[in-house]
Amino acid sequence: MPAVIGFVAALADACRFIHDPARRAEVTKAIVDLTGVSDEIARAILALYLDPDRGVVPKQAEIDLSGLAQVIAFMGEGGTIKPPLPSPESFVDLKYLRAAGVK
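Residues numbered from 1 in each chain as written. Predicted model: local features only at pLDDT ≥ 70, side-chain atom pairs only at ≥ 80, totals over all residues. Heavy atoms only, no water.

S.K.: Help me understand helix H2 (residues 24-35) in this model?
M.R.: Owing to its 3.6 residues per turn, the α-helix brings residues three or four apart onto one side. End to end, H2 covers 16 Å across 12 residues, agreeing with the expected 16 Å (1.5 Å per residue, within 8%). Of the positions making up H2, those classed as buried are Val27, Thr28 and Ile31. Considered in projection along H2, the buried side chains sweep an arc of 100 degrees and stay on one side of the axis. In H2, those exposed residues whose orientation departs by more than 90 degrees from the buried face are Ala25 and Asp33. Count one or two residues on from H2 and you reach Gly36, which has phi positive near 80 degrees. (Helix = DSSP H or I, 4+ residues; strand = E, 2+ residues; numbered from the N terminus. Expected span 1.5 Å × (residues − 1). Buried < 20%, exposed > 50% of the residue type's maximum accessible area, 1.4 Å probe, protein only. Arc of directions from axis to C-beta.)

S.K.: Mind showing me how you'd approach the environment of Ile41 here?
M.R.: Along the chain, Ile41 falls in helix H3 (residues 39-50). Through-space distance from the C-alpha of Ile41 to that of Glu62 is 27 Å; in sequence the pair is 21 residues apart.

S.K.: How should a nonpolar patch on the surface be read in this particular structure?
M.R.: The grouping of Leu48, Tyr49 and Val56 at the surface amounts to a nonpolar patch, some 250 Å² of accessible area in total. Structurally, Val56 can be placed in the loop between H3 and helix H4 (65-77). (Patch = residues over 30% accessible without salt bridge, like charges linked within 9 Å, V, L, I, M, F, W, Y side chains within 5 Å. Areas by Shrake-Rupley, 256 points an atom, 1.4 Å probe, with all protein chains shown as cover. Salt bridge = Lys/Arg side-chain N within 4 Å of Asp/Glu carboxyl O.)

S.K.: I keep staring at the pattern of salt bridges and nothing clicks. Help me out?
M.R.: Oppositely charged side chains may form a pair once their charged atoms are brought near each other. By the definition in use, this model includes six salt bridges. With a closest N to O distance of 2.6 Å, Asp13 and Arg16 form a salt bridge. Taken together, the residues span about one helical turn, with Asp13 and Arg16 both in helix H1 (residues 2-19) at a distance of three residues. Taking the relative accessible area as the measure of exposure, Asp13 reaches 45% and is therefore partly exposed.

S.K.: Looking at this structure, how should I read the nonpolar core?
M.R.: The tendency in soluble globular proteins is for nonpolar side chains to be buried as a group. The biggest cluster of nonpolar side chains holds 12 residues, and these are Val8, Ala12, Cys15, Val27, Ile31, Ala42, Leu46, Leu50, Val57, Ala61, Leu97 and Val102. Of all the elements in the fold, those that place two or more residues in this core are H1, H2 and H3. Excluding residues within four positions of it along the chain, Leu50 makes contact with Ile18, His19, Arg24 and Val57. (Core = buried A, V, L, I, M, F, W, Y, C linked by side-chain atoms within 4.5 Å. Contact = heavy atoms within 4.5 Å.)

S.K.: Please explain unusual backbone geometry as it appears in this structure.
M.R.: Negative phi values dominate among residues other than glycine, just as trans dominates among peptide bonds. Pro84 follows Pro83 through a cis peptide bond whose omega is 0 degrees. Mapped onto the fold, Pro84 is located in the loop between H4 and helix H5 (95-99). Backbone geometry at Ala61 places phi at a positive 75 degrees, although glycine is not the residue there. As for its position among the elements, Ala61 is in the loop between H3 and H4.

So, in structure tokens, the structure goes:
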């Protein structure tokens, strides 16, 4: 359990780092270095991922259960999961997030 909590805490730190406006240039440079895209494209990607209406990158590794419910519904519609569809809570154990201090 300590390893999982440590991983979740590190993931939460990474999410907070990515969201920190003071780190924007550093994060943009990492995108450029890792993907080879231009600085302009990296900034556009980052803006898209950090758009609060999209919620692509969580603020601190939190799990959006309503978003997971939608994914399950899509999988049901596509026939990947057969009815009755499982609840999102059946895939998530929030105790590790809580233990890592993620709200």
